[in-house]
Amino acid sequence: MAQGFRKFLLSIFLMALLVAGGIAVADWLRATKPVAERTGTQAPPPLVRVVVVNPQDIREHFVGYGSARADRDVVLAAELSGVVVKVAPGLNDGVAVEAGELLVRIDDRRYQQQLARAQAVAAELAAKVDQLDVEQANIQRLASIAQQELEVNRDEMQRLGGLFEKELASKKEYDFARLAYQQSRSRLQGLKNQLELIRPRRAALEAARAARLADAELARLDVERCRITAPFAGQVERVAVHVGDHVLPGGEILRLMSTRLIEVPIELPSSVRPRVALGTRCLLEADSMPGVHWTGKAARIGPAADPRSRTFTAYVEVDNDRQPTPLVPGYFVTARVEGPMMRQVLAVPRGAIVDDQVFVVNDETAHARKVRVERYIEEQAIVTGELQAGDSLIVSNLDVLHNGTRVRVQRIANGE
């Protein structure tokens, strides 16, 4: 037992000796470890992209949205009642028709009869007016004879009156001469009265004839209204009647649309209204037609602005005859409306402006320049101020720059 205890103590001693030796070796190695020599390294200047700013001509564009619609889209309705007796062969939705082409005809027999009756009465009254002219000519001729007879009887009365005073003629002869004179004067006055009455008689006949002619014109218009013709060349959008249908005034016959001219009301900000002129060019695109665009012009400008949306309406006209692909009514489009051309201005990327200043490079050093934004045009800003033509404008790594920062320059073409 004593021998086993001694072995135990010996093993503990050996283990303690090994641990102490390891610690001593570690201290020696740490004490003799070579020290790494420190070197003074410095981060390189930031790499910046630079564009050269030069005056240029820039045209302003305004973006708006709207839905295309046909410039001419009408509903042809019946103007009188009747039965449809004819529909043009092949007339159906989508069919193209020419201006003046007969599309639908309503039974016009009743209106034809009214026209014939009114024309007949007007002709009868015209004949009465002609007869009155003949009567007037006859009375004027009789009045001329009566005037001559009156003058003869007057002279005879005066002659016998003179003889009677000299007692060279009897009183009976003088009385007969005076009676003849009075009778001729009465006859002439009666003829003159008849002539005076012809004027109101003619006026009454002409008024009655004018009324009958008006009735005839109304009947003729009714006959024309029975013929539904195309007021312009276009396409039929919808046909609402068939042969045998009875239509009433105001009832829809068909709907006609002209797709040659398309109008697009575009909503634009009220602030750009002074810079949108009539006739200005517009480019339109639709998301449903990728790769297709249409050109048009501002044909009209709304007279008032909407105070709630702060917009006004410009009406863009598109001539489909000049488009490779026609613009279809109903398309929702995006319009780029041309504004005025700005001549020889300094334009910089919007992102190059930080706190009303930009940075330019000179001798690989960034310098701050104060600028004032006159107008934004899409992703560019028109500026004035300390920026000069020919300056190298920094457009990247602006967040690490301040006045005097050393930089490395990467030049790029203006506008990349």
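Residues numbered from 1 in each chain as written. Predicted model: local features only at pLDDT ≥ 70, side-chain atom pairs only at ≥ 80, totals over all residues. Heavy atoms only, no water.

### Comments concerning the packing of helix H2 (residues 109–165) against helix H3 (residues 171–225)
Applicable threshold: For helices, the fitted line uses only the C-alpha atoms of the stretch in contact; every axis is such a line through C-alpha atoms, and the angle between N-to-C directions lies from 0 to 180 degrees. Secondary structure elements follow DSSP: runs of H or I of four or more residues count as helices, runs of E of two or more count as strands, with numbering from the N terminus. Angular relationships are summarised with four words: roughly parallel below 35 degrees, roughly antiparallel beyond 145, roughly perpendicular across 65 to 115, and oblique for the angles in between. Crossings are assigned a handedness: left-handed for a near helix turned anticlockwise from the far helix by less than a right angle, right-handed for a clockwise turn. Residues are grouped as follows: Ala, Val, Leu, Ile, Met, Phe, Trp, Tyr, Cys and Pro are nonpolar; Asp, Glu, Lys and Arg are charged; every other residue, Gly included, is polar.
Remark: H2 packs on H3, axes separated minimally by 7 Å, with the N-to-C direction vectors making an angle of 165 degrees. What the angle tells us is that H2 and H3 run roughly antiparallel. Seen along the crossing, H2 lies across H3 with a hand that is left-handed. Grouping the amino acids of the contact of H2 with H3 by side-chain chemistry returns 31 nonpolar, 10 polar and 19 charged.

### Regarding the nonpolar core
Selection criterion: Only buried residues count toward a nonpolar core, which is a set of Ala, Val, Leu, Ile, Met, Phe, Trp, Tyr and Cys residues joined through side-chain atoms within 4.5 Å. Here's how the labels work: a residue is buried when its accessible area is under 20% of the maximum for its type, exposed when over 50%, partly exposed in between, all with a 1.4 Å probe on protein chains only. The contact criterion used is simple: two residues touch if any of their non-hydrogen atoms lie within 4.5 Å.
Residues Leu91, Leu103, Val104, Ile253 and Leu254 are the most contacted members of the largest nonpolar core, which totals 23 residues. Sorting the residues of this core by element identifies strand E6 (102–106), strand E8 (234–239) and strand E10 (252–269) as the ones contributing at least two each. In this view, leucine 103 contacts Leu76, Lys86, Val87, Ala88, Leu91, Val97, Ile228, Thr229, Ala230 and Leu254; residues no more than four positions away in its chain are not counted.

### Re the side chain of serine 184
Selection criterion: N or O atoms within 3.5 Å of each other form a polar contact, as long as, within protein, one can give a hydrogen and the other can take it, and as long as residues adjacent in sequence are counted only when both atoms are side-chain atoms.
Take serine 184: it is sitting in helix H3. The buried category is assigned to serine 184, whose relative accessible area is 1%. A polar atom in the side chain of serine 184 sits 2.8 Å from the backbone oxygen of tyrosine 181. If we ignore the near neighbours within four places in the chain, the residues touching serine 184 are Glu149, Leu150 and Asn153.

### A word on the sheet that holds E6
To be explicit about the condition: Pairs of strands are assigned from DSSP output, requiring at least two bridges between the strands.
With respect to topology, four strands assemble into an open sheet ordered E7-E6-E4-E9, the strand pairing being antiparallel. Bordering the open sheet on either side are strand E7 (227–229) and strand E9 (246–247), each of which pairs with just one other strand. The sheet contact formed by E6 and E7 spans three bridges and is antiparallel. Each bridged residue has a counterpart across the sheet, and for arginine 105 the counterpart in E7 is arginine 227.

### Some thoughts on the confidence of the model for the chain
Rule in force here: By definition, pLDDT measures how confident the predictor is in each residue, and it falls between 0 and 100.
On average, residues of the chain score 88 in pLDDT, and 89% of them are at 70 or above. Within the chain, the element-level pLDDT minimum falls on helix H1 (residues 2–31), averaging 64, and the maximum on E6, averaging 96.

### Overview of a nonpolar patch on the surface
Going by this rule: Distance thresholds for patches are 9 Å for like charges and 5 Å for nonpolar side chains (Val, Leu, Ile, Met, Phe, Trp, Tyr), applied to residues having over 30% relative accessible area and no salt bridge. Using a 1.4 Å probe, the Shrake-Rupley method yields the accessible areas, and only the shown protein chains count as cover for residues. What counts as a salt bridge is simple: a side-chain nitrogen of Lys or Arg found within 4 Å of a carboxyl oxygen of Asp or Glu.
Together, Val63, Tyr65 and Phe332 give the surface a local cluster of nonpolar side chains, amounting to about 310 Å² of exposed area. With respect to the secondary-structure elements, tyrosine 65 resides in strand E2 (residues 56–67). Taking the relative accessible area as the measure of exposure, tyrosine 65 reaches 46% and is therefore partly exposed.

### Overview of the pairing of E8
Pairing geometry for strand E5 (residues 96–97) and E8, over two bridges, is antiparallel. Within E8, the position partnered with valine 97 by the bridge is glycine 234. Pairing geometry for E8 and E10, over four bridges, is antiparallel. Following the sheet pairing, arginine 238 is matched in E10 by arginine 255.

### Details of the pattern of salt bridges
Taken as a whole and assessed by the stated rule, the structure comprises 30 salt bridges. Between arginine 159 and glutamate 156 there is a salt bridge, and its shortest N-O distance comes to 2.6 Å. Of the two residues, arginine 159 and glutamate 156 both sit in helix H2, three residues apart, roughly one turn of that helix. The class for arginine 159 is partly exposed, based on a relative accessible area of 44%. Counted as one network, the salt bridges with shared partners bring together Arg260, Asp319, Asp321 and Arg322.

### Brief notes about H2
To keep things clear, this is the line we draw: Expected span of a helix: the number of residues minus one, times 1.5 Å.
Between the first and last C-alpha of H2 there are 83 Å, a value that for 57 residues agrees with the 84 Å anticipated at 1.5 Å per step. Glutamate 167 sits one or two positions beyond H2 and adopts a positive phi of about 60 degrees.

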